[in-house]
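Coordinate analysis (summary)
Listed below, chain by chain, are the residues.
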Amino acid sequence: METVTSKQKEYLEQPKERISGSEAIVRCLLAEGVEVLYGYPGGAIMPVYDELYKYEGKINHVLTRHEQCAAHAAQGYARISGKVGVAMATSGPGATNLITGIADAQIDSTPIVCITGQVPSHLLGSDAFQETDIVGISTPVTKWNHQITKASQIPEVIARAFYIARSGRPGPVLIDITKDAQFEEFDFQYKKCTGVRSYKPVPEIDENSITAAATLINSAKKPMIVWGQGVILGKAEEELKAVIEKTGIPSAWTILGASAIPTAHPLNVGMVGMHGNYAPNVLTNECDVLIAIGMRFDDRVTGKLDEYATQAKIVHFEIDPAEIDKNVKTDVAVLGDAKASLKKLVSLLNTNSHPDWLQKFKDLYTIEYDKVIKNDLHPTAKGLTMGEVLKEINSQTKGEAAIVTDVGQHQMIACRYADFNVSKSNITSGGLGTMGFALPAAIGAKMAAPEREVVAIIGDGGYQMTIQELGTIFQNKVPVKIVVLNNEFLGMVRQWQQLFFDKRYASTEMVNPNFVAIAQGYYIEAKKVTKRENLAAAVKEMIASDEPYFLEVCVEKENNVFPMVPSGASVSEIRLE
């Protein structure tokens, strides 16, 4: 049950009061407990911004430098806090600029509510200045959207938006509000939404499916768990840990599932997927029961589908019925909330251990360590590696930092080598793979969890896609730590060009600016590291700072990320070099 704060109560269940639609929007946000929102003003949303000015001190509006970054910042806020993030933009290009962040939130199940202004209702369909059919455009990438043309619709629609965004499998919702609805007055009263007819966010758990799952797990000789972000979204970390420790099952994670269980847990066998660990990928095709928990069998996890775990019985714990049998045929499907499902499951499981099976994971890890990990973390070459930068950050933060990554080689290295000792510590763009995600997402994450160290790990390519958000960091004094791993390439694309296109490096080499000077231009402390002997001191100085800090680390230009499952290959065909 969601707790209601005293601040929210001031705007909930109050007697009707005649106010404008724009003031109603702000009061609705306050009633939903919104403390910060990210946005960019414009003509069609200006009445709402005028009300935000009047309510200054009650809601903190953060002016991002681009609307896409408002959506990403709302994502970062939501991912680390578990609350609904909020973004706002004007009509036309302001609204369309939100779409990338909305699409990212949709595929990564991130709860955000986006509010856009729209031209007056009498101009709808007339191709008026800055009119765009944002409801039509956003329909494929939202969990729900709605256009408001009358002020009286505002309370019910916004209440429904927050309920839909946060309930069940979370996701983004967009509300488009015409300018005349913002000016119109009506008798306002707000009630929180507690249900929507025909929408059942959490399926009822079938006890028979739990029993069938337990029977398969108890009889397994070589079981393996793969968990995803559903564990984190469902706040089921302790329940997952109880299942793992009672059964002794080796357990791996998807990129978005990282941090649900501490990295050093003896039954945590690493990451699955294209650049995941060797053992869990190879042994996926040797296990006899594969237990998938809160994950969707993404193609980056499965590789060649018709050769994925064909020998195994598949047990799938999932809140979204649409994911069952979508990619991988299941033998037992357990629909429901992960926390409730695992709590029921654990009581039916036998206390067990699988020492011989676990040893196979350890043996394959040794092979991966000798061929890959040792060279990434303890290189003998002159140039710095991305892996040793992550190793130093681990050392300085004791594995308790929230790591926000962009997309590319640095992302895979960070997910592979960061120590995650606290849940909700890996914030990245998983399904959409959005370059430019990390910098604005780190702003939202730090503002949601100011007590936590937030470190953005970014490549030199993705960094320049949203580099203007240094202005947001400076203006709002957000003490986020920014680490750019500069290899002067679009590294992941270059790696594919090297391996599969005979080293034809088409349009992937970067001629970069003076990153330190740019950061200093925004009055952010900055340093550049080119030599190994300077790395530890620079990272120490960055972590010790109470202010925003930019650190550029120049790494080897043509280092590759291994292991790697080539596109279209089976997970057991994973390459170590």
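All figures in this text were calculated on a predicted structure; none of them were measured in a lab. (Residues numbered from 1 in each chain as written. Predicted model: local features only at pLDDT ≥ 70, side-chain atom pairs only at ≥ 80, totals over all residues. Heavy atoms only, no water.)

This part is about the sheet that holds strand E13 (residues 313-318). Here six strands make up an open sheet; going across it, the order is E11-E10-E9-E12-E13-E14 and the pairing parallel. What marks the edges here is a single partner per strand, and that holds for strand E11 (268-271) and strand E14 (332-335). Averaged over all pairs of adjacent strands, the angle between strand axes in this sheet comes to 20°, irrespective of strand direction. Sheet topology places strand E12 (residues 289-293) next to E13; five bridges connect them, and they run parallel. The partner of Ile293 across the bridge, within E13, is Phe317. (Pairing = 2+ DSSP bridges. Helix = DSSP H or I, 4+ residues; strand = E, 2+ residues; numbered from the N terminus. Axes fitted to C-alpha atoms, helices over the stretch in contact; angles between N-to-C directions.)

What follows deals with the pattern of salt bridges. Using the criterion set out here, one finds 25 salt bridges in the structure. Arg27 is paired through a salt bridge with Glu17; the nearest N and O atoms lie 2.9 Å apart. One end of the pair, Arg27, is in helix H2 (residues 21-31); the other, Glu17, is in strand E1 (residues 17-20), and 10 residues separate them in sequence. The class for Glu17 is partly exposed, based on a relative accessible area of 37%. What you see here is one network of salt bridges that share partners, running through Arg169, Asp320, Glu323 and Lys326. (Salt bridge = Lys/Arg side-chain N within 4 Å of Asp/Glu carboxyl O. Buried < 20%, exposed > 50% of the residue type's maximum accessible area, 1.4 Å probe, protein only.)

Once that is clear, we can look at helix H15 (residues 338-346). Turning to H15, its buried residues are Ala338, Ser341, Leu342 and Leu345. The buried side chains of H15 occupy one side of the element, clustering within an arc of 90° when seen end-on. Where H15 begins, the side chain of Asp337 points an oxygen toward the backbone nitrogen of Lys339, at a separation of 3.2 Å. (Arc of directions from axis to C-beta. Polar contact = N/O pair within 3.5 Å; in protein donor to acceptor, adjacent residues only side chain to side chain.)

Our focus in this paragraph is the sheet that holds strand E20 (residues 549-554). The parallel open sheet is built from six strands, whose spatial order is E16-E15-E17-E18-E20-E19. If you trace the sheet from one side to the other, it starts and ends with strand E16 (426-427) and strand E19 (525-529), each paired once. Packing of helix H17 (residues 386-397) onto the sheet brings it into contact with strand E15 (402-405), strand E17 (454-459), strand E18 (481-486) and E20, and relative to E18 it is tilted by some 160°. Set on the sheet, helix H24 (residues 535-544) makes contact with E17, E18, E19 and E20; between it and E20 the angle comes to about 160°. (Contact = heavy atoms within 4.5 Å.)

Let's shift gears to the side chain of Asn426. Relative to the assigned elements, Asn426 resides in strand E16. Classification of Asn426 by relative accessible area gives buried; the value is 5%.

With six of six residues buried, E17 lies mostly within the body of the structure. A two-sided burial pattern is seen for E17, the buried positions comprising Val454, Ala456 and Ile458 on one face and Val455, Ile457 and Gly459 on the other. Direction of pairing for E15 relative to E17: parallel, over a ladder of four bridges. Within the sheet, the bridge partner assigned to Val404 lies in E17 and is Ala456. When E17 meets E18, the two strands line up parallel, connected through five bridges. Bridge assignment links Val455 to a residue of E18, and that residue is Lys481.

The next point concerns the domain arrangement of the chain. Under the domain assignment used here, the chain contains domain 1 (6-188), domain 2 (207-361) and domain 3 (378-554). Relative to domain 2, the C-alpha centre of domain 1 lies at a distance of 37 Å. Contacts between the two partners involve seven residues from domain 1 and, on the opposite side, seven residues from domain 2. Contact between domain 1 and domain 2 buries roughly 660 Å² in total, counting both sides, with carbon and sulfur atoms accounting for 52%. Among the residues domain 1 hides against domain 2, the three largest losses belong to Arg79, Asp108 and Arg169. Together they make up 63% of the total. Along the contact surface separating domain 1 from domain 2 lie two salt bridges. Between Arg169 and Asp320 there is a salt bridge whose closest N-O contact spans 2.8 Å. The interface formed by domain 1 and domain 2 includes three residue pairs in polar contact (both at pLDDT 80 or more). For the side of domain 1 that touches domain 2, the residue count by class is two nonpolar, two polar and three charged. (Domains from an automatic or database assignment. Buried area = accessible area lost by both parts, 1.4 Å probe. Nonpolar A, V, L, I, M, F, W, Y, C, P; charged D, E, K, R; others polar.)

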